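A look at the structure
Spelled out, the chains give:
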Amino acid sequence: MFYTDVKPRAPLAEYDQTLVWTTVLLLGLGLVMVYSASIAIAEGSRATGYQPGYYLARHVVFIAAGIAAAVVVFQIPLRLWQQAAPFLFMLGVGLLILVLIPGVGREVNGSQRWIPLYIVNLQPSELMKLFVVLYAADYTVRKAAHMDSFRKGFLPMLVVMLVVGGLLLREPDFGAFVVITVIAMGILFLGGMNWKLFAGLFGLLLVGFVLLILASPYRLQRVIGFMDPWADPFGKGYQLSHALIAFGRGEWLGVGLGASVEKLFYLPEAHTDFLLAVIAEELGFAGVAAIILAFAWIVVRAFAIGRRAAALERYFAALVAQGIGLWIGVQAIINIGVNMGMLPTKGLPLPLLSFGGSAIVATCCALAVLLRADWENRQLMRGFTV
């Protein structure tokens, strides 16, 4: 059992309640909208037993598991997370290797990203996002004196991230690769990497992403379809064109909860990657704006917690908090951009809202670590030890 030296235990008022309630509201809205978006597909599929509440029941279980995991994670002091960071990272790499083994990993829609665990499927790339936050923060703190050096500061991290990136691209999971790369690069920059070195590496990354797109026919087709979905609305532009139709139908206040037409077998992945399009259709601009503001608040609070931790000379906690803010913010931006036709179609869930057990649990655990960092900050400011 994990504990601190603080007595008595901190009351609820010492948590960042706005962060907690924002998370709860997003989880609650996600539950409602996943049910709304999945009724038709669940009722019309033999795989779900023709039960309209199939995805709702599973999503309830995922949220319950995420909250339970978050409660446990919150009890663990940040110093223990720092000690465990290298081992968790190695565990994540092991899972990414395991998912690629034929007969172990499960393939869905041409991608081998899941490890079947009887009643649920584990997606290692979602857990890896949290592990990378912890590992990159620990690495940056340990190598703080060498952040101006390419060979001593950045090169070791580059090597391990190339290994992770190679495994993710083998699945393939280009979206997770982008998010994890942003997390690692962002934490290194926030940790004091030389800005000239960072700018050069950023340029190389852009060139690398372009080459990866050009080298893969299916990625190139997605980019072409994103640039003009109406050129082939029944082919490569099908998904995006229907997402845009959903946004157009929603107007300011939406057509009403449950009244979406696009979710009726028109819009693929309506309850997962394109849940925001259904939200836009049913709740309109007001619903989408509220979600964007909620994510913006989580990111703002994450960076504020990080700044407070840095002021208290808790540099690992500071980088972890800001890394979590980067993760949630970047992933939300990508998903929103994809749904609105501003970015190429990519299979990334909307944090805390989209259907998917691994993503829900990993994000809840990350937010629990963020709350723990905030809680420890407040204890130290009151003169307690943690």
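The structure we're discussing is the one just above.
What counts, and where the lines are drawn
Residues numbered from 1 in each chain as written. Predicted model: local features only at pLDDT ≥ 70, side-chain atom pairs only at ≥ 80, totals over all residues. Heavy atoms only, no water. Pairing = 2+ DSSP bridges. Helix = DSSP H or I, 4+ residues; strand = E, 2+ residues; numbered from the N terminus. Axes fitted to C-alpha atoms, helices over the stretch in contact; angles between N-to-C directions. Disulfide = S-S within 2.5 Å. Buried < 20%, exposed > 50% of the residue type's maximum accessible area, 1.4 Å probe, protein only. Parallel < 35°, antiparallel > 145°, perpendicular 65-115°, else oblique. Left-handed = near helix turned anticlockwise from the far one by under 90°. Contact = heavy atoms within 4.5 Å. Nonpolar A, V, L, I, M, F, W, Y, C, P; charged D, E, K, R; others polar. Expected span 1.5 Å × (residues − 1). Arc of directions from axis to C-beta.

Re the sheet that holds strand β2 (residues 111-117)
- An order of β1-β2-β3 is seen for the 3 strands of this open sheet, with the pairing classed as antiparallel. Among the strands making up the open sheet, the edge pair consists of β1 (106-108) and β3 (120-122). Pairs of neighbouring strands in the sheet enclose a mean axial angle of 50°, with direction left out of account.
- Summarising the sheet, β1 and β2 pair through 3 bridges and their orientation is antiparallel. Note on β2: the bridge partner recorded for V108 is S111.

Quick word on the state of the cysteines
- Enumeration according to the criterion identifies 0 disulfides in this entry.
- Between C364, a cysteine without a disulfide, and C365, which holds the nearest cysteine sulfur, the sulfur-to-sulfur distance is 7.1 Å.
- Take C365: its relative accessible area is 11%, and that puts it in the buried class.

Points about the packing of helix α1 (residues 17-43) against helix α10 (residues 275-311)
- Orientation of α1 relative to α10, taken along the N-to-C sense of each, is 155°, at an axis distance of 10 Å. What the angle tells us is that α1 and α10 run roughly antiparallel. Remark: the crossing between α1 and α10 carries left-handed chirality. Along the contact surface, α1 presents T18, L19, T22, T23, L26, L29, M33, V34, S36 and A37, while α10 presents L275, V278, I279, E282, L283, I291, A294, F295, W297, I298, R301 and I305.
- Partitioned by chemical class, the residues of the contact of α1 with α10 number 16 nonpolar, 4 polar and 2 charged.

Description of helix α2 (residues 54-74)
- In this model, α2 (21 residues) spans 31 Å end to end at C-alpha, consistent with the 30 Å of a helix rising 1.5 Å per residue.
- Residues Y55, H59, F62, I63, G66, A70, V73 and F74 constitute the buried set of α2. Mapping the buried residues of α2 onto a view down its axis gives an arc of 100°, with all of them on the same face. Residues of α2 that are exposed and point over 90 degrees away from its buried face: V61 and V72.
- Close packing links the buried residues of α2 with α1, α3 (78-98), β3 and α12 (357-381).

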